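Analysis of the macromolecular model
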Amino acid sequence: MKLSDVIADMILDMFDDNTSTVQIQRNDLAQQLGCVPSQINYVITSRFTPEQGYTIESRRGGGGYILITRASSREDALTSLINSIGNSIDEKTARAHIYNLNNQNIIGDRAAQLMLSVISDSNFKGLDETAKNKIRASQLKQMLLILAS
């Protein structure tokens, strides 16, 4: 098993049914696992993302910590993703978000297929990249809002 998998599993084990927030001392966890603190950062930024239903808050300094909050519901996970999208998104990133939602059973196969067809570059022929990405972000947010309600 890769070290990044071990780190992710340890963090996931810190959550329980009653706890939606975990506070981590990055240096302490790195020392416990015998790795560098940047490896902890890598795992947190790649595996505990808004599209996966997590929010991250960090405080630097001697008593610094990283606070990881897990969405408590499907609606919270979708809302976190909506807030993370911004005003523009490329097709590859939008597809990744949709695949992640489907893999986590937040959306079904049919909804994922419909969403993928809507955000496809083939729907934006004749538009420059900036316009495509702005329209795609707007459409994706609207679809997610419908799913969240």
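Below, the structure is looked at part by part. (Residues numbered from 1 in each chain as written. Predicted model: local features only at pLDDT ≥ 70, side-chain atom pairs only at ≥ 80, totals over all residues. Heavy atoms only, no water.)

**Quick word on the packing of aromatic side chains**
Given two aromatic rings, one states the distance between the centres and the angle between the planes to describe the pair. By the definition in use, this model includes two aromatic pairs. Relative to Tyr-54, the ring of Phe-15 has its centre 6.0 Å away and its plane inclined at 50°; by these criteria the two rings are tilted. One end of the pair, Phe-15, is in the loop between α1 (3-14) and β1 (21-24); the other, Tyr-54, is in strand β2 (residues 54-59), and 39 residues separate them in sequence. What makes Phe-15 buried here is its relative accessible area of 6%. According to the relative accessible area criterion, Tyr-54 is buried, its value standing at 10%. Joined through ring pairs, the aromatic side chains of Phe-15, Phe-48 and Tyr-54 make up one cluster. (Phe/Tyr/Trp six-rings, centres within 6.5 Å; stacked < 30°, edge-to-face > 60°. Helix = DSSP H or I, 4+ residues; strand = E, 2+ residues; numbered from the N terminus. Buried < 20%, exposed > 50% of the residue type's maximum accessible area, 1.4 Å probe, protein only.)

**Thoughts on the side chain of Asn-102**
Its place among the elements puts Asn-102 in helix α5 (residues 91-103). For Asn-102, a relative accessible area of 17% puts it in the buried group. Within the structure, the side chain of Asn-102 is placed 3.2 Å from the backbone oxygen of Ile-107, a separation counted as a polar contact. Asn-102 has contacts with Ile-107, Gly-108, Asp-109 and Ala-112, leaving out every residue within four places of it along the chain. (Polar contact = N/O pair within 3.5 Å; in protein donor to acceptor, adjacent residues only side chain to side chain. Contact = heavy atoms within 4.5 Å.)

Everything listed here is a matter of coordinates, which is why it stays silent on function.
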